[in-house]
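Per-entry structural report
So the chains spell out like this:
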Amino acid sequence: MSLVISEEQSESKYPTIPLGVSKARCVSVIDLGTQENNWQGEISWKRQVLFEWEVPEHTNNNGEPLTISKFYNVSFFEKSNLSKDLTSWKGKPFSPQEKKQFNMGDMLGQTCQIQIMEKDNGKQQIVSIMPLKEPMTEQYHKSKLFSIEDYQNDRKEVFNQIREGIRNIILRSKELTTEEADTSGNVPF
């Protein structure tokens, strides 16, 4: 018996958003909690968030707008990806006051243009976000705003609507793994 796989079989059959610039709307802002980051053998912990956009002009086989997402470390440091993308999306720098109390959930429903390029591994990535001044069609996907505090306070309705892979990332967060360890009754030594 042989088990043969061909390159043809491993190609994705799911539609993708074409490379280039597309109109988009932010439909999800998901707090992933504090995640372990292993870079060149050095372990650090960084708070992360996921933004997801729907792209109405490109649809799947059921006519639903395709979506694309991007992971960010939560930082307003001017060279951070989140700060650069939010600033270019907004079209102007954040004031010191805005940086002190910016609510990422305010981006839900906001429109923009996203530029998509292909990474070395062939997957798509958002490389820039620009303001969009013209109106767009109605929002298709239901907005999702989730924070770790929602989960910790037993408000799991939005959590249960998030894709399983993203839920698993959230469950690996420092906040939730520490919480489980604390409530297990085991002494940590």
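Residues numbered from 1 in each chain as written. Predicted model: local features only at pLDDT ≥ 70, side-chain atom pairs only at ≥ 80, totals over all residues. Heavy atoms only, no water.

1. Here we look at the overall build of the protein chain
When helices and strands are tallied, the protein chain shows 6 helices and 6 strands. Of the regular secondary structure in the protein chain, the N- to C-terminal order runs α-β-β-β-α-α-β-β-β-α-α-α. Partitioning the contacts of the protein chain with sequence separation of at least 6, the portion at a separation of at least 24 is 57%. (Helix = DSSP H or I, 4+ residues; strand = E, 2+ residues; numbered from the N terminus. Contact = heavy atoms within 4.5 Å.)

2. What about the environment of Ile-17?
With respect to the helices and strands, the residue Ile-17 is situated in the loop between α1 (7-10) and β1 (20-39). Not counting the four nearest positions on each side in its chain, Ile-17 is found in contact with Ser-22, Val-55, His-58, Leu-66, Thr-67, Ile-68, Ile-116 and Gln-124.

3. Considerations on the nonpolar core
By size, the foremost hydrophobic cluster in this structure holds 22 residues, and its most contacted members are Cys-26, Phe-51, Trp-53, Trp-89, Ile-114 and Ile-129. Contributions of two or more residues to this core are made by β1, β2 (42-59), β3 (65-73), α2 (81-90), β4 (111-118) and β5 (124-131). Ranked by residues supplied to this core, first place goes to β2 with 4 residues. Trp-89 has contacts with Cys-26, Phe-51, Trp-53, Met-107, Gln-110, Thr-111, Cys-112, Ile-129, Met-130 and Pro-131, leaving out every residue within four places of it along the chain. The next biggest cluster of nonpolar side chains, apart from the first, holds 12 residues, and it includes Leu-50, Tyr-151, Ile-162 and Leu-176. (Core = buried A, V, L, I, M, F, W, Y, C linked by side-chain atoms within 4.5 Å. Buried < 20%, exposed > 50% of the residue type's maximum accessible area, 1.4 Å probe, protein only.)

4. Describing the pattern of salt bridges
Under the defined criterion, the tally for this structure stands at 10 salt bridges. Of the charged contacts, one joins Lys-23 and Glu-134 as a salt bridge, the two residues approaching to 2.4 Å between their closest N and O atoms. On the criterion of sequence distance, the pair formed by Lys-23 in strand β1 and Glu-134 in the loop between β5 and β6 (144-146) is long-range, its members being 111 residues apart. Taking relative accessible area as the criterion, Lys-23 reaches 29% and is therefore assigned partly exposed. Arg-47 is paired through a salt bridge with Glu-149; the nearest N and O atoms lie 3.8 Å apart. (Salt bridge = Lys/Arg side-chain N within 4 Å of Asp/Glu carboxyl O.)

5. Structural notes on unusual backbone geometry
Despite not being glycine, Gln-40 shows a phi value in the positive range, around 50°. Looking at the secondary structure, you find Gln-40 in the loop between β1 and β2. Phi is positive for Asp-154, close to 60°, though the residue is something other than glycine. You can see Asp-154 is positioned in the loop between α4 (148-152) and α5 (164-171).

6. Quick word on the confidence of the model for the protein chain
In this model, the protein chain carries a mean pLDDT of 88, and residues with pLDDT of at least 70 account for 88%. Note that pLDDT drops below 50 for residues 184-189; the model gives that stretch 0 contacts with residues more than four away or on any other chain. (pLDDT = per-residue confidence, 0-100.)

7. Things to note about the packing of aromatic side chains
The final tally for this structure, using the stated rule, is 9 aromatic pairs. Where Phe-51 meets Trp-53, the ring centres are 6.0 Å apart and the plane angle is 20°; that geometry is what we call stacked. Looking at Phe-51, the relative accessible area reads 1%, which means it is buried. Residue classification places Trp-53 among the buried residues on the basis of a relative accessible area of 0%. Here the aromatic rings of Trp-53 and Trp-89 are separated by 5.8 Å at their centres, their planes lie at 55°, and the arrangement is tilted. You can see Trp-53 sitting in strand β2 and its partner Trp-89 sitting in helix α2, a full 36 residues away along the chain. The class for Trp-89 is buried, based on a relative accessible area of 5%. Directly above the aromatic system of Phe-94 lies the positively charged group of Lys-90, at a separation of 4.2 Å from the ring centroid. Here Lys-156 stacks its cationic end above the ring of Tyr-151, 4.4 Å away from the centre of that ring. (Phe/Tyr/Trp six-rings, centres within 6.5 Å; stacked < 30°, edge-to-face > 60°. Lys NZ or Arg CZ within 6 Å of the ring centre and 35° of its normal.)

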